[in-house]
Amino acid sequence: MTLRRPRRAGPGRTGRTRGLVATALGAGILLTGVAAATPAAAATPTVACTSAKAGLAAKLKKDITAALATRKGTVAVGLYDRSTNTTCTLRASTAFDSASVVKVTVLSALLWDAQKHNRALTSREKTLATAMITKSDNASTSTLWKQLGLTKIRAFLTAAKMTQTKPGANNYWGLTQITVTDEQKLLKLLTARNTVLTDTSRAYVNQLMAQVVSSQRWGTPYGRPAGVSWHVKNGWLSRATNGWRVHSVGTFKGGGHDYTITVLTHGNSTMSYGITTIQGVAKVIHRDLAAS
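Looking now at the overall build of the protein. Tallying secondary structure elements over the protein gives eight helices and eight strands in all. A burial count over the protein gives 56% of its 292 residues as buried. Here the analysis covers contacts within the protein between residues at least 6 apart in sequence; of these, 69% occur between residues at least 24 apart. On the protein, roughly 11900 Å² of surface is accessible, and the fraction owed to carbon and sulfur atoms is 53%.

Set out below in structure tokens:
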């Protein structure tokens, strides 16, 4: 595996292939065998679920397990529903290269640091943040990552108790190590009042995650019932080992539920294969919660 200095990928580039290559390059990755990697077979996963709602935990465990039974690669899942105090986890502490889902952490760290100095984001910062979240623009992310620096990023992670997240070094933010446990912690901070992020900061992150461009609204929102609001951030990246990393984090509210979903994957033969895996999980989660 060879790393090289990232090239700036402007938001004006179009086309799926160019967009994917730009994303990988923005994270400082040398693409090799983009679509040629063969996913490694994984054993049938063991999903753990608990719930205050009778029968819901068993239903979710059965259906998530079935959704993953024929899928290859490594998959980690997190679900938390405040309304029914429901939690499901699979490989919650397994580390994955973050790809672009780390951008939610970058924005949260930026807002947290601004709070400490009792200031609002500048117009420049807002422009960069909007491009970073809604278009997954890499050049904007690199700019904000450099502005914050590892000291401030690590300080935010400490405040958020995201102890399993390891920031990528040398501006390789796409190689930050993330886990389901920590991504779920972050999503919980974004969806309920807390002492880390103010209501104004949380509203801003959620606003941008609800404005993601249509071509990037795949993943955890898949199969959500009508009337359920969504906020999403996805990430995708190919490397010489473990094929495609494809991730999706999302928050949802409506139909009597208030829940967060994280699905992290690697060992996918293609980006589309990873998306299909994630959406298979998301579909049964939305369905089971809606029926409860």
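This part covers the environment of Lys72. Here Lys72 shows up in the loop between helix H2 (56-68) and strand E2 (74-81). For Lys72, a relative accessible area of 43% gives the class partly exposed. For the pair Lys72 and Thr277, spaced 205 residues apart in sequence, the C-alpha to C-alpha distance is 8.7 Å.

Core analysis: the largest hydrophobic core is formed by 34 residues, its most contacted members being Val104, Leu107, Ile133, Phe156, Leu190, Tyr204 and Val205. Elements with a contribution of two residues or more to this core: helix H3 (102-116), helix H4 (123-134), helix H5 (138-159), helix H6 (180-191) and helix H7 (199-209). With nine residues, H3 is the single largest residue contributor to this core. Those residues in contact with Leu107 that lie beyond four places of it in its chain are Ala129, Met132, Ile133, Tyr204, Val205 and Leu208. Counting residues in each nonpolar core, the second largest holds 32 residues, with Cys49, Val75, Val228 and Val281 among its members.

This part covers unusual backbone geometry. Residues other than glycine seldom take positive phi values, yet Arg91 does so here, at roughly 50 degrees. Its location among the elements puts Arg91 in the loop between strand E3 (86-90) and strand E4 (96-97). Phi at Asn118 is positive, roughly 55 degrees, even though this residue is not glycine. Residue placement: Asn118 occurs in the loop between H3 and H4.

What follows is about the pairing of strand E6 (residues 229-238). Within a regular strand, side chains alternate between the sheet's two faces. Of all ten residues that make up E6, nine are buried, and the element is covered over most of its length. Of the strand pairs in this sheet, E6 and strand E7 (residues 244-254) are connected by ten bridges, and their pairing is antiparallel. Within E7, the residue paired with Trp230 across the bridge is Phe252.

Turning our eyes to something else, we now look at the confidence of the model for the protein. Across the protein, pLDDT averages 89, with 85% of residues at or above 70. Taken together, the stretch residues 1-38 has pLDDT below 50 and engages in 72 contacts with residues farther than four places along the chain or on a different chain.

With that settled, consider the packing of H2 against helix H8 (residues 271-291). Where H2 meets H8, the closest approach of the two axes is 9 Å, and the angle between their N-to-C directions is 160 degrees. Considered as vectors, H2 and H8 are oriented roughly antiparallel to each other. Seen from above, H2 lies across H8 with right-handed handedness. Residues Leu56, Lys59, Leu60, Asp63, Ile64, Ala67 and Leu68 of H2 lie in contact with H8, whose contacting residues are Thr277, Gly280, Val281, Val284, Ile285, Arg287, Asp288 and Leu289. Taken together, the residues of the contact of H2 with H8 break down into nine nonpolar, two polar and four charged.

Following the criterion strictly, the structure yields one disulfide and no others. The disulfide bridge from Cys49 ends at Cys88, spanning 2.1 Å between sulfur atoms. As the torsion about the S-S bond is roughly 115 degrees, the Cys49-Cys88 disulfide counts as right-handed. Here the residue Cys49 occupies a position in strand E1 (residues 48-50), and Cys88 occupies one in strand E3, the gap between them amounting to 39 residues. Across this residue pair, the class does not change: Cys49 and Cys88 are buried.

In this section: the environment of Val246. Structurally, Val246 can be placed in strand E7. For the pair Val246 and Met271, spaced 25 residues apart in the sequence, the C-alpha separation amounts to 6.5 Å. The contacts of Val246, once residues within four sequence positions are left out, are Trp218, Gly235, Trp236, Val263, Leu264, Thr265, Asn268, Met271, Gly274, Ile275 and Ile278.

Attention shifts here to the layout of surface pockets. Of the pockets and cavities examined, the second largest pocket occupies roughly 160 Å³. Lining of the second largest pocket is provided by Leu111, Ala114, Gln115, Arg119, Ala120, Leu121, Lys126, Thr198, Thr200, Ser201 and Tyr204. For the lining of the second largest pocket, the secondary-structure elements that each account for two or more residues are H3 and H7.

Here the structure, examined in full by the defined rule, presents ten salt bridges. Asp258 is paired through a salt bridge with Arg82; the nearest N and O atoms lie 3.6 Å apart. In this pair, Asp258 sits in strand E8 (residues 257-268) while Arg82 sits in the loop between E2 and E3, placing the two residues 176 residues apart along the sequence. Arg193 is the partner of Asp199 in a salt bridge, and the nearest nitrogen-oxygen pair spans 3.0 Å. The class of Asp199 is partly exposed, set by a relative accessible area of 33%. What emerges from the salt-bridge pattern is a single network uniting Lys59, Asp63, Arg287 and Asp288.

The rules behind these values
Residues numbered from 1 in each chain as written. Predicted model: local features only at pLDDT ≥ 70, side-chain atom pairs only at ≥ 80, totals over all residues. Heavy atoms only, no water. Helix = DSSP H or I, 4+ residues; strand = E, 2+ residues; numbered from the N terminus. Buried < 20%, exposed > 50% of the residue type's maximum accessible area, 1.4 Å probe, protein only. Contact = heavy atoms within 4.5 Å. Areas by Shrake-Rupley, 256 points an atom, 1.4 Å probe, with all protein chains shown as cover. Core = buried A, V, L, I, M, F, W, Y, C linked by side-chain atoms within 4.5 Å. Pairing = 2+ DSSP bridges. pLDDT = per-residue confidence, 0-100. Axes fitted to C-alpha atoms, helices over the stretch in contact; angles between N-to-C directions. Parallel < 35°, antiparallel > 145°, perpendicular 65-115°, else oblique. Left-handed = near helix turned anticlockwise from the far one by under 90°. Nonpolar A, V, L, I, M, F, W, Y, C, P; charged D, E, K, R; others polar. Disulfide = S-S within 2.5 Å. 1 Å grid on protein atoms, 1.4 Å probe; cavity = no way out; pocket = protein on both sides within 12 Å on 5 of 7 lines; lining within 4 Å. Points joined across faces, edges and corners; volume = space filled by probe spheres on them. Salt bridge = Lys/Arg side-chain N within 4 Å of Asp/Glu carboxyl O.

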